[in-house]
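Inside the fold
Below, each chain spelled out in residue letters.
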Amino acid sequence: MNEMKEKDIKNGEISATEKNEREISAAETEKCEFSPTDVEYIRECMALAAEAEAIDEVPVGAMVVRDGVVLARAFNTRESSKCATHHAEILAIEKACESLGGWRLPGVTLYVSMEPCAMCAGAIINARIPRVVYGARDYRFGAFGSLIDLSKIPFNHIPEVVGGVLAEECSAQLSSYFKKKRTKV
Ligand SMILES: [Zn+2]
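**Some remarks on the environment of A47**
Mapped onto the elements, A47 comes out in helix α3 (residues 36-54). Counting along the chain gives 66 residues from A47 to S113, while the straight-line C-alpha distance between them is 9.4 Å.

This is the structure in structure tokens:
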């Protein structure tokens, strides 16, 4: 295990009180609805995340869907590609741009098993993605409600964000990965 991973894991541990306070705060900012279809897509993101885990990557999966058509599926490949930007959302956005033949992604929903970080939230805003649905909250890097909320900043484009869909299952998938990593050391 390298230094970076050790640091990531240590930073992942916050006190129960702090977590509770942040959860209440995040819940207050979310009043958006989600459908059974959204839940199905988040479950599919979890399957993509499992593919990432199978190659020893942090398990995060993402999809871009428009009118019931899946434009892109991707999972985190930061370790194997040795590239800091290869988060699941960035890779899914790149594929969706190729699929639609442009940098704007109107009418799509981006699904991801973990809350987007500031980089991915920035890419979502730049791609003019109108709607984002995510699973687990990320209290270390989350940029759509948990740590900061870039959907509340008056950028030229403001996406609708629904967080916490299958949150417990998505969180459990991530915790289980980090627990296994710890026991391997
Ligand atoms: Zn990210």
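**Points about the packing of helix α5 (residues 88-100) against helix α6 (residues 118-126)**
Two numbers describe how α5 lies on α6: the axes approach to 9 Å, and their chain directions differ by 20 degrees. Considering the angle they form, α5 stands roughly parallel to α6. The crossing of α5 and α6 is left-handed. Two secondary-structure elements touch here, α5 through E89, I90 and I93 and α6 through C120, A123 and I124. Of the residues assigned to the contact of α5 with α6, the class counts are five nonpolar, no polar and one charged.

**Considering unusual backbone geometry**
As a rule of thumb, non-glycine residues mostly have phi less than zero, and peptide bonds are mostly trans rather than cis. Residues other than glycine seldom take positive phi values, yet K82 does so here, at roughly 55 degrees. Look at R128: it is not a glycine, yet its phi comes out positive at around 60 degrees. Inspection of the secondary structure assignment puts R128 in the loop between α6 and β4 (131-136). Judged by the 16 C-beta atoms lying within 10 Å of it, R128 is partly exposed.

**Observations concerning the pairing of strand β1 (residues 61-66)**
Of all six residues that make up β1, five are buried, and the element is covered over most of its length. Sheet analysis places β1 next to strand β2 (residues 69-75), joined by six bridges and oriented antiparallel. Note that in β2 the partner of V64 across the bridge is A72. Counting the residues in the hairpin turn of β1 and β2 gives two residues, including D67, whose phi is positive at 50 degrees. As paired elements, β1 and strand β3 (residues 108-114) share five bridges and run antiparallel to each other. When the sheet's bridge partners are listed, A62 is paired in β3 with V112.

**Overview of the nonpolar core**
Judged by nonpolar contacts, the single largest core of 49 residues is most densely connected at C45, A62, V64, A92, L110 and Y111. Counting residues per element, this core draws most heavily on α3, which supplies seven residues. Setting aside chain neighbours within four positions, we find A92 in contact with A62, M63, V64, A72, R73, A74 and L110.

**Digging into the sheet that holds β1**
Read from one edge to the other, the open sheet built from five strands follows the order β2-β1-β3-β4-β5, with strand pairing classed as mixed. Where the open sheet ends on each side, the last strands, each with one partner, are β2 and β5 (160-162). Averaged over all neighbouring strand pairs, the angle between strand axes comes to 15 degrees, with direction disregarded. Running over the sheet, helix α7 (residues 167-184) touches β3 and β4 and is turned about 60 degrees from β4.

**A short note on the environment of D149**
Positionally, D149 belongs in the loop between β4 and β5. In this structure D149 comes out as partly exposed when scored by C-beta crowding, with 18 C-beta atoms within 10 Å. Residues D149 and A121, spaced 28 residues apart in sequence, show a C-alpha to C-alpha distance of 9.2 Å.

**Description of α5**
Under the 1.5 Å per step criterion, the end-to-end length of α5 is 18 Å for 13 residues, consistent within 8% with the ideal 18 Å. Taken as a whole, α5 has its buried residues at A88, E89, I90, A92, I93 and A96. Next to the buried residues of α5 lie β1, β2, β3 and α6. Immediately downstream of α5, the backbone of G101 shows phi near 70 degrees, a positive value.

Calculation criteria
Residues numbered from 1 in each chain as written. Predicted model: local features only at pLDDT ≥ 70, side-chain atom pairs only at ≥ 80, totals over all residues. Helix = DSSP H or I, 4+ residues; strand = E, 2+ residues; numbered from the N terminus. Axes fitted to C-alpha atoms, helices over the stretch in contact; angles between N-to-C directions. Parallel < 35°, antiparallel > 145°, perpendicular 65-115°, else oblique. Left-handed = near helix turned anticlockwise from the far one by under 90°. Contact = placed C-beta atoms within 7 Å. Nonpolar A, V, L, I, M, F, W, Y, C, P; charged D, E, K, R; others polar. Buried ≥ 20, exposed ≤ 12 C-beta atoms within 10 Å, placed from the backbone. Pairing = 2+ DSSP bridges. Core = buried A, V, L, I, M, F, W, Y, C linked by C-beta atoms within 7 Å. Expected span 1.5 Å × (residues − 1).

Functional significance is not addressed by these values, which are geometric in nature.
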